[in-house]
Amino acid sequence: MRDHVYISDLNKHDGSRATLRGWLAHTRSKGRIHFLVMRDGSGICQCVVSMADVSPEVWKLCSDLTLESSFEARGKVRKDDRAPGGFELAVEELRAFQIIPEGNPYPIQPKEHGTEFLLDNRHLWLRSSRQHAILRVRDEVVKACRDFLYDRGFVLIDSPIFTPAACEGTSTLFETDYFGQKAYLTQSGQLYLEPAAQAFGRVFCFGPTFRAEKSKTRRHLTEFWMIEPEVAFAELDDIMELSEDLVVAITGRCLERKREELKRLERDLSRLESVQKPFPRMTYDEAARLLQSDEARGHAAESGAPPFEYGNDLGAADETFLGARFDRPIMISRYPASVKAFYMQPDPADPTKALCVDMIAPDGYGEIIGGSQRIHDYDLLLRRIEEHRLPRQAFEWYLDVRRYGSVPHSGFGMGIERLVTWITGIHHLRETIPYPRTLQRLYP
Ligand code: 4AD
Ligand code: MG
């Protein structure tokens with residue numbers, strides 16, 4: 001059929017003829033009228049078929065079309081303020097691409113299904129309105145990140161997936177056999193961005209990263225996407241400000257362009273509207289004092305989490321407690337160096353602390369950003385590599401960053417799925433990535 005248009009463009013075709021192509025989301029009939037609700041990925045539109053206006057074949061086809069069958073409909077576009085997208089189609093011609101037989105219906109029906117079943121059918125679940133809304137928000141988040149960084153002069157530098165060395169600790173490495181040599185799936189592009197920052201000044205990478213996380217929490221995936229900016233000459237405060245600006249820009253953009261999706265997900269928009277500068281900042285020591293209060297201890301006991309101990313990294317319950325005290329993300333800096341990565345610059349005021357920052361989202365969503373100033377002194381970095389028992393050989397190239405024109409530099413990584421989980425206000429990370437990979441899931 002001629003004149004194919006997407007449902008989202010129907011407003012440009014009011015009163016004229018158009019062809020829609022998509023899938024049957026819903027159907028009902030009332031005497032001599034069939035209502036076929038079509039979903040085409042860009043929106044939904046009610047196609048109205050009157051027995052009087054179509055051939056007997058088309059009329060029969062209407063009752064043969066089962067849920068999620070693919071078809072195209074041609075007719076006249078009519079404005080109708082009561083219709084979901086504001087327009088409907090008065091059908092004149094109809095053609096099926098494929099009719100799903102009654103005997104083997106589309107597996108996801110309009111009723112309650114268990115999450116495991118839905119995850120097994122993730123390739124089909126993507127069609128559901130809630131999943132559609134979440135992944136549209138993800139798409140907007142990624143666009144907003146790129147726009148933000150490009151506007152500020154950053155250059156995209158893609159980092160490799162196969163790497164010879166660990167970036168974020170050896171306990172979560174995925175090992176592969178690289179033609180007889182050990183290689184690991186990357187945990188972060190950071191090590192490759194640091195030299196690139198010396199070449200381009202301001203760089204970022206955005207790609208999949210891998211952690212063999214043995215934890216089954218709602219915050220962990222084994223494969224997740226991270227956006228990582230890295231800036232030459234930047235110190236900790238500079239990247240704290242950058243991360244703050246980035247998060248404000250992203251939430252603002254989602255409120256502006258993905259309002260409908262967020263409403264469909266029943267997100268409390270006022271929570272996102274309060275995400276404005278400045279974000280509260282505190283040091284690890286200040287956070288530790290709050291976590292050692294009676295209130296915090298009670299909270300930990302209630303949630304069954306071990307009580308916070310000074311010197312340890314913050315756990316999920318600690319982050320939830322701290323995050324709940326504010327209406328926007330908070331930034332916690334200067335953790336004990338011993339619980340953080342080998343490459344972090346020590347705080348000159350207290351070298352047992354690292355010049356690092358974690359951004360914690362409110363409402364129990366936990367850490368969304370981790371970043372730091374990097375060690376720029378050759379001898380100190382070499383010492384750290386040795387202390388962490390990392391194979392020096394695999395890091396020679398990385399040491400070159402400190403051999404040839406070394407400068408202070410800093411960067412951070414933001415997990416896209418953590419961010420989207422918080423922005424959409426959903427419970428579990430796994431719905432924010434098209435095909436989640438977790439401890440128990442490698443299918444579909
Ligand atoms: O704090 P992380 O481990 O930092 C790094 O990888 C640095 N090298 C980044 C940098 O400085 N360039 O991870 C950064 C972020 C976390 O804040 C979190 O949002 C996300 O990555 N993340 C995960 N997301 C989902 N599942 C997991 N298992 C994650 N681990 C980290
Ligand atoms: Mg971290």
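Look a little higher up for the structure.
Criteria and thresholds
- Along every chain, residues carry numbers that run from 1 in the direction the sequence is written.
- Chain labels run from A onward and ligand labels from 1 onward, assigned in the order the entries are written.
- Totals for whole chains, interfaces and linings use every residue, but because this is a predicted model, local features are given only for residues with pLDDT of at least 70 and side-chain atom pairs only at 80 or more, for both listing and counting.
- Side-chain calculation: all heavy atoms of the structure are included, whereas hydrogens and water are not.
- Only one rule defines a salt bridge in this text: a Lys or Arg side-chain nitrogen within 4 Å of an Asp or Glu carboxyl oxygen.
- Buried residues are those whose accessible area, probed at 1.4 Å on protein chains only, stays under 20% of the maximum for their type, while exposed residues exceed 50% and partly exposed ones sit between those limits.
- Here, axes are lines fitted to C-alpha atoms. For helices the fit covers the stretch in contact, and angles between N-to-C directions go from 0 to 180 degrees.
- Helix and strand definitions here come from DSSP, where helices need a minimum of 4 consecutive H or I residues and strands a minimum of 2 consecutive E residues; each element is numbered from the N-terminal end.
- Here roughly perpendicular refers to angles of 65 to 115 degrees, roughly parallel to angles under 35, roughly antiparallel to angles over 145, and oblique to all remaining angles.
- In this scheme the handedness of a crossing depends on how the near helix is turned from the far one: anticlockwise by less than a right angle means left-handed, clockwise means right-handed.
- In what follows, residue pairs with any heavy atoms lying within 4.5 Å of each other are defined as contacts.
- Only heavy atoms are used to decide nearness, and a residue is near a molecule or strand if one of them lies within 4 Å of it.
- Polar contact is the term for a pair of N or O atoms within 3.5 Å; when the atoms are in protein, one must be able to donate a hydrogen and the other to accept it, and sequence-neighboring residues count only if both atoms are side-chain atoms.
- The accessible surface values rely on the Shrake-Rupley method and a 1.4 Å probe; as for residues, cover is taken only from the protein chains in view.
- Residues are sorted three ways: Asp, Glu, Lys and Arg are charged, Ala, Val, Leu, Ile, Met, Phe, Trp, Tyr, Cys and Pro are nonpolar, and all the rest, Gly among them, are polar.
- Any two strands between which DSSP finds at least two bridges are classified as paired.
- A patch is a set of surface residues, each over 30% in relative accessible area and not in a salt bridge, joined within 9 Å for like charges and within 5 Å for the nonpolar side chains Val, Leu, Ile, Met, Phe, Trp and Tyr.
- The pairing test for Phe, Tyr and Trp rings, Trp by its six-membered ring, is centres within 6.5 Å, and the orientation test on the planes gives stacked under 30 degrees, edge-to-face over 60, and tilted for anything in between.
- The rule is short: NZ of Lys or CZ of Arg within 6 Å of the ring centre and within 35 degrees of the ring normal puts a charge over the ring.
- Arc, as used here, means the arc of the directions from the helix axis to the C-beta atoms.

Caption draft 1: Structural detail: the pattern of salt bridges. Scanning all chains against the criterion turns up 42 salt bridges. One salt bridge in this structure joins aspartate 9 and lysine 12, with 3.3 Å as the shortest N-O distance. Judged by its relative accessible area of 61%, lysine 12 falls in the exposed class. Glutamate 256 is paired through a salt bridge with arginine 257; the nearest N and O atoms lie 3.6 Å apart. Overall, the relative accessible area of 45% leaves arginine 257 in the partly exposed class. Through salt bridges that share partners, Glu140, Asp147, Arg253, Glu256, Arg257 and Lys258 make up one connected network.

Caption draft 2: Structural context of the packing of helix H4 (residues 129-151) against helix H14 (residues 416-424). Interaxial distance between H4 and H14 falls to 10 Å at its minimum, and their mutual angle equals 120 degrees. Of the possible angle classes, the one that applies to H4 and H14 is oblique. By crossing handedness, the relation of H4 to H14 is classed as right-handed. Residues Ile134, Val137, Arg138, Val141, Val142 and Cys145 of H4 touch H14, and the partners they reach there are Ile416, Glu417, Leu419, Val420, Ile423 and Thr424.

Caption draft 3: Looking closely at the site of ligand 1. In the region of ligand 1, 24 residues are neighbours, and Glu168, Gln190, Arg211, Glu228 and Glu367 sit closest. Between ligand 1 and serine 188 there is a distance of 2.9 Å, counted from a nitrogen atom to a side-chain nitrogen or oxygen. At 3.1 Å, a backbone N or O of glycine 415 approaches an oxygen atom of ligand 1. When ligand 1 is considered free in solution it has 630 Å² of accessible area, and contact with the protein chains removes 94% of it. In terms of residue class, the shell around ligand 1 is built from nine nonpolar, seven polar and eight charged.

Caption draft 4: Representation of the sheet that holds strand S1 (residues 17-30). On the basis of which strands lie adjacent, the closed barrel formed by five strands has the order S1-S2-S3-S5-S4 and mixed pairing. Strand after strand, the sheet turns through a mean of 55 degrees between neighbouring axes, direction not considered. Inspection of the sheet shows S1 paired to strand S4 (residues 70-79) by seven bridges, in the antiparallel sense. The partner of arginine 21 across the bridge, within S4, is glutamate 72.

Caption draft 5: Seen up close, the pairing of strand S11 (residues 223-232). Burial analysis of S11 places eight of its 10 residues in the buried class, which makes it a mostly covered element. In this structure, strand S10 (residues 202-210) lies alongside S11, joined through nine bridges in antiparallel fashion. Paired with phenylalanine 210 across the two strands is glutamate 223, which belongs to S11. Note that S11 and strand S18 (residues 409-415) share five bridges and pair antiparallel. When the sheet's bridge partners are listed, valine 231 is paired in S18 with serine 410.

Caption draft 6: Representation of a nonpolar patch on the surface. Taken together, the side chains of Phe162, Tyr178 and Phe179 present a nonpolar region at the surface, about 400 Å² in accessible area. Secondary-structure assignment places phenylalanine 179 in the loop between strand S8 (175-178) and strand S9 (181-185). Looking at phenylalanine 179, the relative accessible area reads 79%, which means it is exposed.

Caption draft 7: Main features of the pairing of S10. Burial analysis of S10 places seven of its nine residues in the buried class, which makes it a mostly covered element. Alignment of strand S6 (residues 155-156) against S10, held across two bridges, turns out to be parallel. The partner of valine 155 across the bridge, within S10, is valine 203.

Caption draft 8: Up close: the environment of lysine 263. Here lysine 263 is to be found in helix H7 (residues 259-264). Expressed as a C-alpha distance, the spacing of lysine 263 and alanine 133, which sit 130 residues apart in the sequence, is 9.3 Å.

Caption draft 9: Region of the structure containing the packing of aromatic side chains. Throughout the structure, instances matching the rule amount to 13 aromatic pairs. Look at tyrosine 178 and phenylalanine 179: their rings are 5.0 Å apart centre to centre, the planes differ by 65 degrees, and that puts the pair in the edge-to-face class. In this structure tyrosine 178 comes out as partly exposed when scored by relative accessible area, which is 36%. Judged by centre distance (5.5 Å) and plane angle (75 degrees), the rings of phenylalanine 342 and phenylalanine 395 are edge-to-face. With phenylalanine 342 in the loop between strand S13 (330-333) and strand S14 (346-347) and phenylalanine 395 in helix H13 (residues 392-403), the pair connects residues that are 53 residues apart, well separated along the chain. Considered together, phenylalanine 342 and phenylalanine 395 belong to a single accessibility category, that of buried residues. Pairwise contacts between aromatic rings join Tyr192, Phe342, Tyr343, Phe395, Trp397 and Tyr398 into one cluster. The ring of phenylalanine 35 carries arginine 28 above its face, with NZ or CZ at 4.1 Å from the centroid.

Caption draft 10: The arrangement of helix H1 (residues 56-64) in detail. Every buried residue of H1 is accounted for by Val58, Trp59, Leu61 and Cys62. Along the axis of H1, the buried residues cluster in a sector spanning 160 degrees; they form a single face. Facing away from the buried surface of H1 by more than 90 degrees, the exposed residues are Pro56, Glu57 and Lys60. At its buried positions, H1 is contacted by strand S2 (33-39), strand S3 (44-50) and strand S5 (87-98).

Caption draft 11: Broad picture of the sheet that holds strand S7 (residues 162-163). Reading across the sheet, the three strands line up as S7-S9-S8 and stay open at both edges, with antiparallel pairing between neighbours. Each of the sheet's edge strands pairs with one partner strand only, and the pair in question is S7 and S8. Relative to S9, S8 is paired through four bridges, and the arrangement is antiparallel. If you follow aspartate 177 over to S9, its bridge partner there is lysine 182.

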